[in-house]
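The primary structure of each chain is shown beneath.
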Amino acid sequence: MKIAVGGIHTECSTYSPVQQTASDFTVTRGKDLLAQAGVDGRRFPDVTFCPLFHARSIPGGPVSADCYASFKSAFLDELEAEKPCDGVLLIMHGAMHVIGLSDAEGDWISAVRQLVGPQVPIAVSYDLHGNVTQTIVDQIDIFCAYRTAPHIDVTDTHRRAAANLVDQLGGGPKRYVAWAPVPVLLPGERTSTEDEPAKSLYATLPEFDQRSGVTDANLMVGYVWADTARATAAAVVTGTDLDAIQQAASEIAAQYWSARQDFEFGVPTKPLELCLGDAATESSSPLILADSGDNPTGGGVGDRSDVLAAWLERGLTGGVFAGIADPVSVDKLWPLPEGSSSRLTIGGALGSDCKVVSTEAVLLSKLGREQDHNREVLTRIAGNLVILTEHRRPFHQLEDFRRFAIEPYTARFLIVKSGYLSPELAPIANPARMALTDGAVNQDIEALTNQHRPVPSYPFQRVFDWKPVTSLSRRASS
(Lines give C-alpha, C1' and ligand atoms only; values in the text may rest on other atoms or scores of the structure.)
Protein backbone atom coordinates (compact mmCIF):
# COMPACT_ATOMS: atom_id res chain seq x y z
CA MET A 1 0.00 0.00 0.00
CA LYS A 2 1.63 3.24 -1.15
CA ILE A 3 0.44 6.66 0.04
CA ALA A 4 1.91 10.01 -1.03
CA VAL A 5 2.12 12.65 1.70
CA GLY A 6 2.52 16.45 1.50
CA GLY A 7 0.76 19.76 1.14
CA ILE A 8 0.84 23.49 1.81
CA HIS A 9 -0.17 25.25 4.98
CA THR A 10 -0.67 28.93 5.74
CA GLU A 11 -3.30 31.42 6.90
CA CYS A 12 -3.72 34.71 5.05
CA SER A 13 -5.28 37.97 6.19
CA THR A 14 -6.54 40.00 3.25
CA TYR A 15 -6.04 43.06 5.48
CA SER A 16 -2.27 42.58 5.63
CA PRO A 17 -0.14 44.86 3.41
CA VAL A 18 2.61 42.24 3.06
CA GLN A 19 2.48 39.53 0.41
CA GLN A 20 4.01 36.16 1.22
CA THR A 21 6.70 34.82 -1.08
CA ALA A 22 8.68 31.59 -1.19
CA SER A 23 11.19 32.91 1.35
CA ASP A 24 8.42 33.02 3.97
CA PHE A 25 7.87 29.26 3.75
CA THR A 26 9.73 26.43 5.44
CA VAL A 27 9.76 23.26 3.33
CA THR A 28 9.85 19.89 5.12
CA ARG A 29 10.76 16.67 3.33
CA GLY A 30 11.68 13.04 3.84
CA LYS A 31 11.67 11.49 7.29
CA ASP A 32 11.05 14.88 8.88
CA LEU A 33 7.80 15.19 6.95
CA LEU A 34 6.67 11.71 7.97
CA ALA A 35 7.48 12.53 11.61
CA GLN A 36 5.52 15.77 11.31
CA ALA A 37 2.58 13.85 9.85
CA GLY A 38 2.81 11.24 12.59
CA VAL A 39 2.84 8.35 10.14
CA ASP A 40 5.40 5.59 10.42
CA GLY A 41 5.82 1.87 9.97
CA ARG A 42 5.09 1.16 13.62
CA ARG A 43 1.61 2.64 13.45
CA PHE A 44 0.90 1.62 9.87
CA PRO A 45 3.05 -1.46 9.21
CA ASP A 46 1.43 -2.33 5.88
CA VAL A 47 1.91 1.12 4.33
CA THR A 48 4.75 2.77 2.47
CA PHE A 49 4.35 6.51 2.98
CA CYS A 50 6.09 8.48 0.26
CA PRO A 51 6.94 11.99 1.48
CA LEU A 52 6.77 14.70 -1.17
CA PHE A 53 7.10 18.05 0.62
CA HIS A 54 5.14 20.22 3.00
CA ALA A 55 5.47 24.01 2.65
CA ARG A 56 4.44 26.00 5.70
CA SER A 57 4.68 29.65 6.67
CA ILE A 58 3.81 31.75 9.66
CA PRO A 59 0.34 33.17 8.88
CA GLY A 60 0.52 36.48 7.09
CA GLY A 61 -0.74 38.34 4.07
CA PRO A 62 -1.86 36.92 0.73
CA VAL A 63 0.49 34.54 -1.05
CA SER A 64 1.86 35.89 -4.31
CA ALA A 65 0.60 34.19 -7.45
CA ASP A 66 4.14 33.28 -8.55
CA CYS A 67 4.97 31.73 -5.18
CA TYR A 68 1.83 29.60 -5.20
CA ALA A 69 2.28 28.53 -8.81
CA SER A 70 5.86 27.48 -8.13
CA PHE A 71 4.93 25.34 -5.12
CA LYS A 72 1.96 23.80 -6.91
CA SER A 73 3.98 22.91 -10.00
CA ALA A 74 6.77 21.37 -7.92
CA PHE A 75 4.28 19.37 -5.86
CA LEU A 76 2.55 17.97 -8.91
CA ASP A 77 5.88 17.07 -10.49
CA GLU A 78 6.92 15.15 -7.38
CA LEU A 79 3.54 13.44 -7.16
CA GLU A 80 3.78 12.43 -10.82
CA ALA A 81 7.17 10.89 -10.11
CA GLU A 82 5.68 8.73 -7.34
CA LYS A 83 2.82 7.37 -9.42
CA PRO A 84 1.18 4.96 -9.23
CA CYS A 85 -0.03 5.66 -5.69
CA ASP A 86 -2.84 3.88 -3.86
CA GLY A 87 -3.80 7.02 -1.92
CA VAL A 88 -2.83 10.61 -1.11
CA LEU A 89 -2.68 12.31 2.29
CA LEU A 90 -2.73 16.11 1.98
CA ILE A 91 -1.75 18.17 5.03
CA MET A 92 -3.38 21.56 4.52
CA HIS A 93 -4.58 24.55 6.53
CA GLY A 94 -7.56 25.85 4.61
CA ALA A 95 -7.17 29.63 4.94
CA MET A 96 -4.58 30.30 2.25
CA HIS A 97 -5.43 33.27 0.05
CA VAL A 98 -3.58 33.62 -3.26
CA ILE A 99 -3.68 36.75 -5.37
CA GLY A 100 -5.99 36.05 -8.31
CA LEU A 101 -7.52 32.84 -6.90
CA SER A 102 -10.85 32.62 -5.10
CA ASP A 103 -10.22 29.15 -3.63
CA ALA A 104 -6.53 28.28 -3.39
CA GLU A 105 -6.95 24.96 -1.57
CA GLY A 106 -9.71 24.01 -3.98
CA ASP A 107 -7.35 24.69 -6.85
CA TRP A 108 -4.50 22.69 -5.26
CA ILE A 109 -6.64 19.68 -4.33
CA SER A 110 -8.40 19.69 -7.71
CA ALA A 111 -5.02 19.57 -9.45
CA VAL A 112 -4.01 16.59 -7.31
CA ARG A 113 -7.27 14.84 -8.14
CA GLN A 114 -6.79 15.43 -11.85
CA LEU A 115 -3.29 13.99 -11.66
CA VAL A 116 -4.06 10.81 -9.69
CA GLY A 117 -7.41 10.12 -11.32
CA PRO A 118 -10.84 9.27 -9.93
CA GLN A 119 -9.99 5.89 -8.38
CA VAL A 120 -7.31 7.04 -5.92
CA PRO A 121 -8.75 8.18 -2.57
CA ILE A 122 -7.58 11.52 -1.20
CA ALA A 123 -7.60 12.30 2.53
CA VAL A 124 -7.06 15.83 3.84
CA SER A 125 -6.05 17.08 7.27
CA TYR A 126 -7.17 20.64 8.06
CA ASP A 127 -6.87 23.37 10.66
CA LEU A 128 -10.29 24.10 12.19
CA HIS A 129 -9.75 27.75 11.20
CA GLY A 130 -9.71 26.81 7.53
CA ASN A 131 -12.46 27.50 5.02
CA VAL A 132 -14.21 24.74 3.11
CA THR A 133 -15.92 24.88 -0.29
CA GLN A 134 -17.96 22.53 -2.42
CA THR A 135 -15.02 22.36 -4.83
CA ILE A 136 -12.82 20.97 -2.06
CA VAL A 137 -15.45 18.52 -0.84
CA ASP A 138 -16.04 17.26 -4.40
CA GLN A 139 -12.40 16.21 -4.78
CA ILE A 140 -11.85 14.32 -1.53
CA ASP A 141 -12.86 11.10 0.18
CA ILE A 142 -11.79 11.83 3.76
CA PHE A 143 -11.74 15.06 5.76
CA CYS A 144 -10.32 15.45 9.28
CA ALA A 145 -9.69 18.70 11.19
CA TYR A 146 -8.17 19.78 14.47
CA ARG A 147 -10.47 19.61 17.47
CA THR A 148 -8.48 21.88 19.76
CA ALA A 149 -7.62 25.58 19.76
CA PRO A 150 -4.92 26.27 20.84
CA HIS A 151 -3.93 23.36 18.61
CA ILE A 152 -2.57 20.45 20.63
CA ASP A 153 -3.94 17.64 18.44
CA VAL A 154 -2.22 18.44 15.15
CA THR A 155 -0.39 15.13 14.79
CA ASP A 156 -3.42 13.21 16.04
CA THR A 157 -5.48 14.83 13.28
CA HIS A 158 -3.04 13.77 10.58
CA ARG A 159 -3.17 10.24 11.97
CA ARG A 160 -6.98 10.23 11.97
CA ALA A 161 -6.94 11.10 8.29
CA ALA A 162 -4.28 8.48 7.58
CA ALA A 163 -6.15 5.81 9.56
CA ASN A 164 -9.35 6.39 7.58
CA LEU A 165 -7.40 6.24 4.34
CA VAL A 166 -5.50 3.08 5.29
CA ASP A 167 -8.68 1.34 6.43
CA GLN A 168 -10.40 2.03 3.12
CA LEU A 169 -7.39 0.95 1.09
CA GLY A 170 -7.08 -2.18 3.19
CA GLY A 171 -10.52 -3.37 2.22
CA GLY A 172 -12.67 -1.36 4.60
CA PRO A 173 -15.80 0.47 3.47
CA LYS A 174 -15.53 3.40 1.11
CA ARG A 175 -15.61 6.84 2.73
CA TYR A 176 -17.69 9.81 1.66
CA VAL A 177 -17.84 13.43 2.80
CA ALA A 178 -20.86 15.61 3.60
CA TRP A 179 -20.81 19.21 4.73
CA ALA A 180 -23.10 21.99 5.88
CA PRO A 181 -21.88 25.62 5.70
CA VAL A 182 -22.89 27.72 8.71
CA PRO A 183 -23.26 31.51 8.20
CA VAL A 184 -21.17 32.41 11.24
CA LEU A 185 -17.67 33.92 11.30
CA LEU A 186 -15.98 34.38 14.65
CA PRO A 187 -12.31 34.86 15.57
CA GLY A 188 -10.33 32.06 17.15
CA GLU A 189 -9.95 34.15 20.28
CA ARG A 190 -13.69 33.82 20.91
CA THR A 191 -13.93 30.15 19.93
CA SER A 192 -11.11 28.55 21.90
CA THR A 193 -11.89 24.98 22.85
CA GLU A 194 -10.56 25.79 26.32
CA ASP A 195 -13.71 27.85 26.92
CA GLU A 196 -17.45 27.36 26.62
CA PRO A 197 -19.41 26.90 24.46
CA ALA A 198 -16.70 25.64 22.07
CA LYS A 199 -15.37 23.30 24.75
CA SER A 200 -18.63 21.37 24.88
CA LEU A 201 -19.30 21.55 21.15
CA TYR A 202 -15.94 20.00 20.31
CA ALA A 203 -16.24 17.44 23.11
CA THR A 204 -19.27 15.98 21.33
CA LEU A 205 -17.42 15.31 18.06
CA PRO A 206 -15.92 11.97 19.17
CA GLU A 207 -19.45 10.91 20.11
CA PHE A 208 -20.54 11.47 16.52
CA ASP A 209 -17.60 9.29 15.43
CA GLN A 210 -19.17 6.41 17.31
CA ARG A 211 -22.37 6.52 15.29
CA SER A 212 -22.92 3.82 12.73
CA GLY A 213 -21.78 5.07 9.34
CA VAL A 214 -19.76 8.02 10.72
CA THR A 215 -15.97 7.84 10.98
CA ASP A 216 -14.87 11.46 11.56
CA ALA A 217 -16.96 14.49 12.54
CA ASN A 218 -15.64 18.05 12.31
CA LEU A 219 -16.65 21.58 13.17
CA MET A 220 -14.87 24.30 11.21
CA VAL A 221 -14.79 27.79 12.71
CA GLY A 222 -13.41 29.22 9.48
CA TYR A 223 -11.13 32.23 9.05
CA VAL A 224 -12.66 35.63 9.64
CA TRP A 225 -9.84 37.96 8.48
CA ALA A 226 -10.14 36.99 4.83
CA ASP A 227 -12.79 39.02 3.04
CA THR A 228 -13.57 36.25 0.57
CA ALA A 229 -16.69 34.53 -0.73
CA ARG A 230 -15.66 31.19 0.78
CA ALA A 231 -15.28 32.48 4.34
CA THR A 232 -17.68 30.51 6.51
CA ALA A 233 -17.97 28.10 9.39
CA ALA A 234 -19.01 24.56 8.49
CA ALA A 235 -19.73 21.08 9.72
CA VAL A 236 -17.81 18.49 7.69
CA VAL A 237 -18.34 14.77 8.27
CA THR A 238 -16.59 11.71 6.86
CA GLY A 239 -18.26 8.33 6.93
CA THR A 240 -19.45 5.23 5.16
CA ASP A 241 -23.20 5.87 5.13
CA LEU A 242 -24.58 8.82 3.17
CA ASP A 243 -27.66 9.35 5.34
CA ALA A 244 -25.64 9.12 8.56
CA ILE A 245 -23.02 11.68 7.55
CA GLN A 246 -25.63 14.13 6.28
CA GLN A 247 -27.58 13.82 9.53
CA ALA A 248 -24.45 14.32 11.62
CA ALA A 249 -23.38 17.37 9.59
CA SER A 250 -26.84 18.89 9.99
CA GLU A 251 -26.83 18.38 13.77
CA ILE A 252 -23.31 19.78 14.26
CA ALA A 253 -24.13 22.81 12.11
CA ALA A 254 -27.35 23.46 14.03
CA GLN A 255 -25.56 23.22 17.38
CA TYR A 256 -22.98 25.79 16.32
CA TRP A 257 -25.66 28.13 14.99
CA SER A 258 -27.64 27.86 18.23
CA ALA A 259 -24.56 28.79 20.27
CA ARG A 260 -23.44 31.70 18.06
CA GLN A 261 -24.35 34.42 20.58
CA ASP A 262 -22.65 32.66 23.50
CA PHE A 263 -19.02 32.94 22.38
CA GLU A 264 -16.89 35.33 24.43
CA PHE A 265 -13.20 36.03 24.84
CA GLY A 266 -11.59 33.55 27.23
CA VAL A 267 -9.49 36.13 29.10
CA PRO A 268 -10.28 39.69 30.20
CA THR A 269 -10.25 41.67 26.96
CA LYS A 270 -10.20 45.45 26.91
CA PRO A 271 -9.11 48.46 24.89
CA LEU A 272 -5.36 49.02 25.13
CA GLU A 273 -5.60 52.00 27.48
CA LEU A 274 -7.59 50.00 30.03
CA CYS A 275 -5.12 47.12 29.81
CA LEU A 276 -2.26 49.54 30.50
CA GLY A 277 -4.22 50.89 33.45
CA ASP A 278 -4.41 47.36 34.82
CA ALA A 279 -0.66 46.95 34.35
CA ALA A 280 0.01 50.14 36.27
CA THR A 281 -1.87 48.86 39.33
CA GLU A 282 -1.42 45.07 39.18
CA SER A 283 0.73 43.58 41.93
CA SER A 284 0.80 39.97 40.69
CA SER A 285 3.19 38.77 38.04
CA PRO A 286 3.86 37.98 35.33
CA LEU A 287 1.06 39.96 33.75
CA ILE A 288 0.95 38.76 30.15
CA LEU A 289 -0.49 41.30 27.74
CA ALA A 290 -1.51 40.06 24.29
CA ASP A 291 -1.31 42.53 21.41
CA SER A 292 -4.13 40.83 19.53
CA GLY A 293 -4.41 42.95 16.39
CA ASP A 294 -0.82 42.27 15.29
CA ASN A 295 -0.67 38.56 16.14
CA PRO A 296 1.59 36.82 13.56
CA THR A 297 0.03 33.41 14.18
CA GLY A 298 -3.34 34.79 13.10
CA GLY A 299 -2.08 36.68 10.04
CA GLY A 300 -0.83 39.89 11.65
CA VAL A 301 2.24 41.62 10.25
CA GLY A 302 4.11 41.69 13.56
CA ASP A 303 5.79 45.05 13.04
CA ARG A 304 3.43 47.39 14.90
CA SER A 305 4.70 49.51 17.79
CA ASP A 306 1.35 50.82 19.07
CA VAL A 307 1.61 49.03 22.42
CA LEU A 308 5.24 50.02 22.95
CA ALA A 309 4.42 53.66 22.18
CA ALA A 310 1.50 53.75 24.62
CA TRP A 311 3.51 51.89 27.26
CA LEU A 312 6.38 54.38 27.09
CA GLU A 313 4.01 57.35 27.10
CA ARG A 314 2.62 56.11 30.43
CA GLY A 315 6.12 55.75 31.82
CA LEU A 316 5.71 52.05 32.54
CA THR A 317 8.81 49.94 33.15
CA GLY A 318 9.63 46.28 33.68
CA GLY A 319 8.07 45.13 30.44
CA VAL A 320 9.48 42.46 28.14
CA PHE A 321 8.30 43.13 24.58
CA ALA A 322 8.65 40.01 22.46
CA GLY A 323 8.96 40.87 19.81
CA ILE A 324 8.63 43.50 17.10
CA ALA A 325 9.68 42.73 13.53
CA ASP A 326 12.06 45.52 12.48
CA PRO A 327 14.82 44.49 10.08
CA VAL A 328 15.96 48.11 9.68
CA SER A 329 16.72 48.45 13.38
CA VAL A 330 18.33 45.02 13.47
CA ASP A 331 20.61 46.05 10.59
CA LYS A 332 21.56 49.22 12.43
CA LEU A 333 22.35 47.46 15.69
CA TRP A 334 24.03 44.33 14.36
CA PRO A 335 27.55 45.73 13.74
CA LEU A 336 27.65 47.40 17.18
CA PRO A 337 29.22 45.83 20.28
CA GLU A 338 26.93 44.82 23.11
CA GLY A 339 26.40 47.71 25.49
CA SER A 340 26.27 50.28 22.71
CA SER A 341 23.51 52.87 22.50
CA SER A 342 21.76 53.83 19.32
CA ARG A 343 18.85 56.00 18.27
CA LEU A 344 16.11 53.84 16.73
CA THR A 345 12.82 54.44 14.97
CA ILE A 346 10.64 51.39 15.64
CA GLY A 347 7.33 50.53 14.01
CA GLY A 348 5.87 49.81 10.59
CA ALA A 349 9.09 48.44 9.13
CA LEU A 350 7.20 45.81 7.11
CA GLY A 351 4.43 48.10 5.92
CA SER A 352 1.96 48.56 8.77
CA ASP A 353 0.49 52.03 9.20
CA CYS A 354 1.15 52.64 12.89
CA LYS A 355 2.58 55.13 15.35
CA VAL A 356 6.37 54.87 15.37
CA VAL A 357 8.62 55.09 18.41
CA SER A 358 11.78 57.18 18.18
CA THR A 359 13.93 56.30 21.15
CA GLU A 360 17.39 55.61 22.51
CA ALA A 361 18.10 51.88 22.84
CA VAL A 362 20.92 49.98 24.48
CA LEU A 363 21.99 46.79 22.71
CA LEU A 364 22.15 43.95 25.23
CA SER A 365 22.61 40.81 23.14
CA LYS A 366 22.38 39.37 19.63
CA LEU A 367 21.23 35.98 18.36
CA GLY A 368 21.19 34.40 14.92
CA ARG A 369 23.39 34.83 11.87
CA GLU A 370 23.32 37.29 9.02
CA GLN A 371 23.74 34.54 6.41
CA ASP A 372 20.76 32.66 7.86
CA HIS A 373 18.53 35.76 7.87
CA ASN A 374 17.39 35.01 11.42
CA ARG A 375 18.96 37.81 13.41
CA GLU A 376 17.34 39.01 16.64
CA VAL A 377 18.49 41.62 19.12
CA LEU A 378 17.61 42.32 22.74
CA THR A 379 17.55 45.99 23.66
CA ARG A 380 16.83 48.03 26.77
CA ILE A 381 14.53 50.99 26.22
CA ALA A 382 13.50 53.26 29.10
CA GLY A 383 13.59 50.50 31.71
CA ASN A 384 12.04 47.83 29.46
CA LEU A 385 13.42 44.95 27.41
CA VAL A 386 12.46 44.97 23.72
CA ILE A 387 13.32 42.15 21.32
CA LEU A 388 13.58 43.21 17.68
CA THR A 389 13.62 40.58 14.95
CA GLU A 390 14.75 40.45 11.34
CA HIS A 391 11.65 38.49 10.38
CA ARG A 392 8.15 38.46 11.77
CA ARG A 393 7.57 35.65 14.20
CA PRO A 394 5.68 34.83 17.41
CA PHE A 395 7.17 34.46 20.87
CA HIS A 396 4.88 31.78 22.25
CA GLN A 397 7.32 29.31 23.82
CA LEU A 398 9.22 29.69 27.09
CA GLU A 399 12.43 28.94 25.24
CA ASP A 400 11.85 31.99 23.02
CA PHE A 401 12.58 34.12 26.09
CA ARG A 402 15.20 31.91 27.74
CA ARG A 403 17.39 32.13 24.63
CA PHE A 404 17.91 35.75 25.71
CA ALA A 405 18.48 34.76 29.37
CA ILE A 406 14.99 36.06 30.24
CA GLU A 407 13.07 33.86 32.67
CA PRO A 408 9.36 34.29 31.89
CA TYR A 409 8.24 33.13 35.34
CA THR A 410 10.07 35.98 37.06
CA ALA A 411 9.29 38.74 34.56
CA ARG A 412 7.08 41.59 35.76
CA PHE A 413 5.28 42.00 32.43
CA LEU A 414 5.40 39.99 29.22
CA ILE A 415 3.97 41.76 26.16
CA VAL A 416 3.50 39.37 23.24
CA LYS A 417 1.84 39.56 19.85
CA SER A 418 -0.84 36.96 20.36
CA GLY A 419 -4.55 36.25 20.54
CA TYR A 420 -5.37 33.50 23.00
CA LEU A 421 -2.18 32.60 24.80
CA SER A 422 -0.15 29.60 23.74
CA PRO A 423 -0.25 26.40 25.84
CA GLU A 424 3.15 27.30 27.36
CA LEU A 425 2.37 30.91 28.24
CA ALA A 426 -1.23 30.55 29.43
CA PRO A 427 -0.40 28.59 32.63
CA ILE A 428 2.11 31.18 33.87
CA ALA A 429 -0.04 34.27 33.24
CA ASN A 430 -0.80 35.97 36.55
CA PRO A 431 -2.97 37.58 35.25
CA ALA A 432 -3.60 37.63 31.48
CA ARG A 433 -5.03 40.52 29.47
CA MET A 434 -5.85 40.74 25.78
CA ALA A 435 -5.66 44.23 24.32
CA LEU A 436 -7.99 45.18 21.49
CA THR A 437 -5.39 46.69 19.20
CA ASP A 438 -5.19 47.70 15.56
CA GLY A 439 -3.70 45.48 12.89
CA ALA A 440 -4.37 42.96 10.16
CA VAL A 441 -6.21 40.68 12.61
CA ASN A 442 -8.20 43.32 14.46
CA GLN A 443 -10.63 41.66 16.88
CA ASP A 444 -13.31 44.28 16.15
CA ILE A 445 -14.49 42.09 13.32
CA GLU A 446 -17.80 43.85 12.75
CA ALA A 447 -15.82 46.95 11.74
CA LEU A 448 -13.82 45.07 9.10
CA THR A 449 -14.23 45.98 5.45
CA ASN A 450 -16.72 43.43 4.18
CA GLN A 451 -17.11 43.32 0.40
CA HIS A 452 -16.95 39.65 -0.55
CA ARG A 453 -18.12 37.53 2.39
CA PRO A 454 -21.44 35.72 2.06
CA VAL A 455 -24.46 37.75 3.15
CA PRO A 456 -26.04 37.28 5.62
CA SER A 457 -23.28 36.12 7.96
CA TYR A 458 -23.28 36.50 11.74
CA PRO A 459 -22.16 38.80 13.39
CA PHE A 460 -21.87 41.11 10.36
CA GLN A 461 -25.63 40.68 10.08
CA ARG A 462 -27.47 39.60 13.20
CA VAL A 463 -31.17 39.23 12.45
CA PHE A 464 -31.93 36.44 9.98
CA ASP A 465 -33.27 32.90 10.00
CA TRP A 466 -31.24 29.89 8.98
CA LYS A 467 -31.48 26.12 8.87
CA PRO A 468 -28.76 23.63 7.91
CA VAL A 469 -28.55 22.43 4.33
CA THR A 470 -26.15 19.56 3.77
CA SER A 471 -24.36 18.66 0.54
CA LEU A 472 -22.50 15.51 -0.41
CA SER A 473 -19.24 15.20 -2.25
CA ARG A 474 -19.69 14.64 -5.95
CA ARG A 475 -17.70 11.46 -5.41
CA ALA A 476 -20.61 10.01 -3.45
CA SER A 477 -22.44 9.46 -6.74
CA SER A 478 -19.44 8.07 -8.63
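It should be noted that the structure appears before, not after, this text.
One structure accompanies this document, and this report is about it. (Residues numbered from 1 in each chain as written. Predicted model: local features only at pLDDT ≥ 70, side-chain atom pairs only at ≥ 80, totals over all residues. Heavy atoms only, no water.)

Each helix and strand in the chain was counted, giving 12 helices and 19 strands. Taken over C-alpha atoms, the radius of gyration comes to 23 Å for the chain, in line with the 23 Å a tight globule of 478 residues would show. Considering only C-alpha atoms, the chain reaches an extent of 70 × 50 × 40 Å along its principal axes. Taking all 478 residues of the chain together, 58% fall into the buried category. (Helix = DSSP H or I, 4+ residues; strand = E, 2+ residues; numbered from the N terminus. Rg over C-alpha atoms; globule rule 2.2 N^0.38 Å. Buried < 20%, exposed > 50% of the residue type's maximum accessible area, 1.4 Å probe, protein only.)

Roughly 1300 Å³ of volume is contained in the largest pocket. In terms of lining, the largest pocket is formed by 46 residues, of which the most central are Arg56, Ile58, Pro59, Thr297 and Pro394. Breaking the lining of the largest pocket down by element, the ones donating at least two residues are strand S2 (25-29) and strand S3 (48-57). Classifying every residue of the lining of the largest pocket gives 16 nonpolar, 22 polar and 8 charged. (1 Å grid on protein atoms, 1.4 Å probe; cavity = no way out; pocket = protein on both sides within 12 Å on 5 of 7 lines; lining within 4 Å. Points joined across faces, edges and corners; volume = space filled by probe spheres on them. Nonpolar A, V, L, I, M, F, W, Y, C, P; charged D, E, K, R; others polar.)

Moving on, we get to the packing of helix H2 (residues 65-82) against helix H3 (residues 104-116). Between H2 and H3, the shortest axis-to-axis distance is 10 Å and the interhelical angle comes to 25°. When the axis of H2 is compared with that of H3, the two are roughly parallel. For the element pair H2 and H3, the recorded crossing hand is right-handed. Residues Tyr68, Phe71, Lys72, Phe75, Leu76, Leu79 and Glu80 of H2 lie in contact with H3, whose contacting residues are Ala104, Asp107, Trp108, Ala111, Val112, Leu115 and Val116. (Axes fitted to C-alpha atoms, helices over the stretch in contact; angles between N-to-C directions. Parallel < 35°, antiparallel > 145°, perpendicular 65-115°, else oblique. Left-handed = near helix turned anticlockwise from the far one by under 90°. Contact = heavy atoms within 4.5 Å.)

Strand order in this open sheet of 9 strands is S10-S18-S11-S17-S12-S16-S15-S14-S13, and the pairing throughout is mixed. The two strands at the open ends of the sheet, each matched to only one other strand, are strand S10 (269-271) and strand S13 (341-346). Pairwise comparison of adjacent strand axes, ignoring direction, gives a mean angle of 30° for this sheet. Both S10 and strand S18 (residues 432-436) contribute to a ladder of 3 bridges, which runs parallel. Following the sheet pairing, Pro271 is matched in S18 by Leu436. (Pairing = 2+ DSSP bridges.)

Compared with the 18 Å implied by 1.5 Å per residue over 13 residues, the 19 Å span of H3 between its first and last C-alpha is a close match. Those residues of H3 not exposed but buried are Ala104, Glu105, Gly106, Trp108, Ile109, Ala111, Val112, Arg113 and Val116. Looking at the packing, one finds that the buried side of H3 touches strand S1 (2-9), H2, strand S4 (87-91), strand S5 (122-126) and helix H4 (134-139). The first or second residue beyond H3 is Gly117, which carries a positive phi of 90°. (Expected span 1.5 Å × (residues − 1).)

Per the stated rule, a full pass over the model turns up 31 salt bridges. Asp294 is paired through a salt bridge with Lys417; the nearest N and O atoms lie 2.9 Å apart. With Asp294 in the loop between strand S11 (287-291) and helix H10 (306-313) and Lys417 in the loop between strand S17 (413-416) and S18, the pair connects residues that are 123 residues apart, well separated along the chain. Each member of the pair Asp294 and Lys417 is classed as buried. Residues Arg375 and Glu390 are paired through a salt bridge, measuring 3.2 Å at the closest nitrogen-oxygen approach. Placement of the pair is Arg375 in the loop between strand S14 (357-367) and strand S15 (376-381) and Glu390 in the loop between strand S16 (384-389) and helix H12 (398-402), with a sequence separation of 15 residues. Salt bridges linked by common partners bring Arg147, Arg160, Asp209 and Asp216 together as one network. (Salt bridge = Lys/Arg side-chain N within 4 Å of Asp/Glu carboxyl O.)

Note on placement: Pro335 falls in the loop between helix H11 (327-333) and S13. Taking relative accessible area as the criterion, Pro335 reaches 65% and is therefore assigned exposed. As a C-alpha pair, Pro335 and Phe44 span 291 residues in sequence and 52 Å in three-dimensional space.

Moving on: the pairing of S15. Where burial is concerned, most of S15 is hidden: 5 out of the 6 residues are buried. In this sheet, S15 lies alongside S14 in antiparallel orientation, the contact comprising 5 bridges. Bridge pairing in S15 places Lys366 opposite Val377. Pairing of S15 with S16, which is carried by 6 bridges, proceeds in the antiparallel orientation. Directly across from Ile381, in S16, lies its bridge partner Asn384. From the end of S15 to the start of S16, which pair antiparallel, there are 2 residues, and Ala382 there has a positive phi angle of about 50°.

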